[in-house]
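Coordinate analysis (summary)
Listed below are the residues making up each chain.
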Amino acid sequence: MLLEIDDNKTVGELEDRFNECFPYLKLELYTKAHGWHGRSLPADKIAGDKKIGDISKKHRQAVLAIRSGQKAGQVEKIFKQQF
């Protein structure tokens, strides 16, 4: 899937687009990273109405390619590096 990301998109829009392509998975964004085999805390979840521009330190527009064979950790790493 190709996920278009820019400062004007909301977290909810990204989550919805991801769910269209991967209906049995979900995408959630958090303010803090977790360790290997760790879990993110519910209190750190970013609300769906937040704009990417309000939470990103790297303000850029990009298209993120997510493949069905990628592991969650790989996708997390790409998000952290690019956004």
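Given the structure is predicted, the values throughout are model-derived calculations rather than measurements. (Residues numbered from 1 in each chain as written. Predicted model: local features only at pLDDT ≥ 70, side-chain atom pairs only at ≥ 80, totals over all residues. Heavy atoms only, no water.)

**With respect to the pairing of strand β2 (residues 62–65)**
To keep it simple, the criterion reads: The buried label applies to any residue whose accessible area, calculated with a 1.4 Å probe on protein chains only, is under 20% of its type's maximum; exposed applies above 50%, and partly exposed to all values in between. Starting at the N terminus, helices and strands are each numbered in turn, a helix being any DSSP run of H or I of at least four residues and a strand any DSSP run of E of at least two. A pair of strands counts as paired when DSSP detects no fewer than two bridges linking them.
By the alternation rule, side chains of β2 split into Ala62 and Leu64, which are all buried, and Val63 and Ala65, of which none is buried. Where strand β1 (residues 2–5) and β2 come together, four bridges link them in antiparallel fashion. What sits directly across from Glu4, in β2, is Val63.

**Side note on the nonpolar core**
Quick note on the threshold: The set of buried Ala, Val, Leu, Ile, Met, Phe, Trp, Tyr and Cys residues whose side-chain atoms join them within 4.5 Å is what this entry labels a nonpolar core. By definition, residues are in contact when any of their heavy atoms lie within 4.5 Å.
If you look at the biggest cluster of nonpolar residues, it comprises 17 residues, and the most contacted ones within it are Leu3, Ile5, Ile66 and Phe79. Broken down by element, this core gets its largest block of residues, three residues, from helix α1 (residues 11–21). Among all residues touching Leu3, those that are not within four sequence positions of it are Leu14, Arg17, Leu27, Ala62, Val63, Leu64, Ile66 and Phe79.

**Structural notes on the pattern of salt bridges**
The condition that has to hold: Note on definitions: salt bridges are taken to be side-chain nitrogens of Lys or Arg within 4 Å of carboxyl oxygens of Asp or Glu.
Taken as a whole and judged by the stated rule, the model has four salt bridges. With a closest N to O distance of 3.5 Å, Glu15 and Lys45 form a salt bridge. Highlighted residues: Glu15 in helix α1 and Lys45 in the loop between α1 and α2 (52–55), separated in sequence by 30 residues. Judged by relative accessible area, which is 17%, Glu15 ranks as buried. Ionic pairing is found between Lys26 and Glu28, a salt bridge with its closest N-O pair at 3.4 Å. A residue is classified by how much of its surface remains accessible, and Glu28, at 29% relative accessible area, is partly exposed.

**Observations concerning the environment of Ile52**
As for its placement among the helices and strands, Ile52 is situated in helix α2. Residues Ile52 and Phe83, 31 residues apart in the sequence, show an inter-C-alpha distance of 8.8 Å.

**Some thoughts on the side chain of Asp44**
To keep things clear, this is the line we draw: For the purpose of counting charges, residues Lys and Arg are taken to be positive, whereas Asp and Glu are taken to be negative. His and the chain ends are not included.
Tracing the backbone shows Asp44 in the loop between α1 and α2. For Asp44, which is buried and forms no salt bridge, the nearest opposite charge comes from Lys32, at a distance of 4.2 Å. Not counting residues up to four positions away in its chain, the partners in contact with Asp44 are Leu29, Tyr30, Thr31 and Lys32.

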